[in-house]
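This is what each chain is made of:
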Amino acid sequence: MGYKKQVFRSLAMVTQLGLSVMTPIFLCIFAGYYVDTHLGTKTMIFFLLIGVLAGGRCGYQMAKMTILAGEQEERKEREEQLKKAAASPKYKAVSKPKEPSRVRAASDRARKPDLVSAAMHTDQTADAVQSSGSGLLSDTGRQAGSRMED
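Residues numbered from 1 in each chain as written. Predicted model: local features only at pLDDT ≥ 70, side-chain atom pairs only at ≥ 80, totals over all residues. Heavy atoms only, no water.

### Description of the overall build of the protein
A count of helical and extended segments in the protein gives three helices and zero strands. Ordered by position from the N terminus, the helices and strands of the protein form the series α-α-α. Taking all 150 residues of the protein together, 8% fall into the buried category. Restricting to contacts in the protein with at least 6 residues of sequence separation, those with at least 24 account for 53%. (Helix = DSSP H or I, 4+ residues; strand = E, 2+ residues; numbered from the N terminus. Buried < 20%, exposed > 50% of the residue type's maximum accessible area, 1.4 Å probe, protein only. Contact = heavy atoms within 4.5 Å.)

Here is the structure:
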């Protein structure tokens, strides 16, 4: 939107500049011709010179005012952008909860068979301990029984 605005501003400036430069020149030429025809003097070149100087001055003033107006508008736009940037937080607030990581979920799925095999291994170890423990108890019982007999 700002680009189109700048293009139209430039087009308007060129049109106004052309009109403001050419109008004094043509008016002075017309005045010089009128003075030459009615008074019989050769002053048209003097009026042409005055018209060119007046047109140059008008063109300079118009271009200067247009450039200053454009700079002021750009400065205002920059200030507004800075105010908006300062007013808005750098990071957007998240309104939904964080989703679980897909990487971690994949690694958990890979670990589950390990957990199952570990549980099976633990069960086997517990069975082995129970079976060997009964032998230990029986030996301990025999030792305790022999002590009692003594």
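### Comments concerning helix 2 (residues 44-87)
Since the α-helix packs 3.6 residues into each turn, any two residues three or four apart lie on the same face. Across its 44 residues, helix 2 extends 64 Å between first and last C-alpha, which sits within 8% of the 64 Å expected from 1.5 Å per residue. Inspection of helix 2 places Gly-51, Gly-55, Gly-59, Met-62, Thr-66 and Gly-70 among the buried residues, and these make up the whole buried set. (Expected span 1.5 Å × (residues − 1).)

### Some remarks on the packing of aromatic side chains
Applying the stated criterion across every chain, the model contains one aromatic pair. With a centroid separation of 6.0 Å and an interplanar angle of 75°, the aromatic rings of Phe-46 and Phe-47 are classed as edge-to-face. (Phe/Tyr/Trp six-rings, centres within 6.5 Å; stacked < 30°, edge-to-face > 60°.)

### Considering the side chain of Ser-20
The residue Ser-20 is located in helix 1 (residues 2-39) in this model. Of note is the side chain of Ser-20, whose polar atom sits 3.1 Å from the backbone oxygen of Leu-17. Excluding its chain neighbours within four sequence positions, the residues that come into contact with Ser-20 are Gly-55, Cys-58, Gly-59 and Met-62. (Polar contact = N/O pair within 3.5 Å; in protein donor to acceptor, adjacent residues only side chain to side chain.)

### Concerning the environment of Ala-54
Mapped onto the secondary structure, Ala-54 falls in helix 2. Considering only alpha carbons, one finds Ala-54 and Val-21, 33 residues apart in sequence, at a separation of 7.7 Å.

### Quick word on the confidence of the model for the protein
Residues at a pLDDT of 70 or more form 63% of the protein, whose mean pLDDT is 75. Per-element averaging of pLDDT across the protein places helix 3 (residues 102-149) at the bottom with 55 and helix 2 at the top with 90. Contacts of residues 134-141 to residues separated by more than four positions or lying in other chains number zero contacts, the stretch itself having pLDDT below 50. (pLDDT = per-residue confidence, 0-100.)

### Remarks on a negative patch on the surface
A contiguous patch of negative charge, built from Glu-71, Glu-74, Glu-77, Glu-79 and Glu-80, is present on the exposed surface. Relative to the elements of secondary structure, Glu-77 occurs in helix 2. You can call Glu-77 partly exposed: its relative accessible area is 37%. (Patch = residues over 30% accessible without salt bridge, like charges linked within 9 Å, V, L, I, M, F, W, Y side chains within 5 Å. Areas by Shrake-Rupley, 256 points an atom, 1.4 Å probe, with all protein chains shown as cover. Salt bridge = Lys/Arg side-chain N within 4 Å of Asp/Glu carboxyl O. Lys, Arg positive; Asp, Glu negative; His and termini not counted. Charge placed at Lys NZ, Arg CZ, Asp CG, Glu CD.)

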